[in-house]
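Secondary and tertiary structure notes
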Amino acid sequence: GDSVTQTEGLVTLTKGLPVMLNCTYQTTYSPFLFWYVQHLNEAPKLLLKSSTDNKRTEHQGFYATLHKSSSSFHLQKSSVQLSDSALYFCALSDRGATGGLSGKLTFGEGTQVTVIS
Amino acid sequence: EAAVTQSPRNKVTVTGGNVTLSCRQTNSHNYMYWYRQDTGHGLRLIHYSYGAGNLQIGDVPDGYKATRTTQEDFFLLLELASPSQTSLYFCASSAGTESDYTFGSGTRLLVI
């Protein structure tokens, strides 16, 4: 079945530095990937999404490019801020037996990002 | 403003107890979902629905029932709660298969 792997469980970095959070996926069908961000004691919120190969998607300073050749959708930011401290989830939209999107999302385990000053 | 509202925010119950978690959305979305969030597991899908009266089984359905009474309301039922069901539960809605989710604020359940 479909799966999403986020290799870093915890990332701690200093304000102003760049960050890259890894996300790789496994699916038989054409992928549709999402990044969600969850701040402490809040609900997850959409950060960005993409189903287009090799096209950079950006939102709120974060960006990601879907690479079907490497099954990856890494999240990056050039300069992190204290407010970027949060839990980040990569998610893959599930496709049913016929290949159509089902509306279900399969989430990775999440990466906890802590930004220090 | 479109929203997903969950109740209660916190719940404590004993092993073997009956629990109902409620979710109401005002987004006019057809799709609704129940996820549980546990450290080291991310968000895992319990049950979901494509519309009133429709139910679909998710990835971790054991021990849970769900009911979608209207387009707005989606309930998660734990009829014999166990400590393994202690978790943070999120309800979400979406407009369609390519749409992002709107999540509720979560229900924190403790089974003792």
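We now examine the pattern of salt bridges. Enumeration according to the criterion identifies 8 salt bridges over all chains in this entry. With a shortest N-O distance of 3.8 Å, Asp100(B) and Lys49(A) are connected by a salt bridge. Within this pair, whereas Asp100(B) is found in the loop between β9 (87-94) and β10 (102-103), its partner Lys49(A) is found in strand β6 (residues 45-50), the two belonging to separate chains. Given the relative accessible area of 27%, Asp100(B) is considered partly exposed.

All right, on to the interface of chain B and chain A then. When the parts of a complex come together, some accessible area is lost, and that lost area is often taken as the interface size. Taken together, the contacts link 21 residues of chain B with 20 residues of chain A. Together, the buried faces of chain B and chain A total about 1,700 Å²; carbon and sulfur atoms form 55% of this surface. Per-residue buried area on chain B facing chain A is highest for Leu43(B), Thr97(B) and Glu98(B); these three make up 28% of the total on that side. Across the salt bridge formed by Asp59(B) and Lys104(A), the nearest N and O atoms sit 3.7 Å from each other. Summed over the shared surface of chain B and chain A, the result is 6 residue pairs in polar contact (both at pLDDT 80 or more). Where the side of chain B that touches chain A is concerned, the elements lending two or more residues are β4 (31-38) and β5 (42-49) of chain B.

Criteria and cut-off values
- Residues numbered from 1 in each chain as written.
- Chains lettered and ligands numbered in written order.
- Predicted model: local features only at pLDDT ≥ 70, side-chain atom pairs only at ≥ 80, totals over all residues.
- Heavy atoms only, no water.
- Salt bridge = Lys/Arg side-chain N within 4 Å of Asp/Glu carboxyl O.
- Helix = DSSP H or I, 4+ residues; strand = E, 2+ residues; numbered from the N terminus.
- Buried < 20%, exposed > 50% of the residue type's maximum accessible area, 1.4 Å probe, protein only.
- Contact = heavy atoms within 4.5 Å.
- Buried area = accessible area lost by both parts, 1.4 Å probe.
- Polar contact = N/O pair within 3.5 Å; in protein donor to acceptor, adjacent residues only side chain to side chain.

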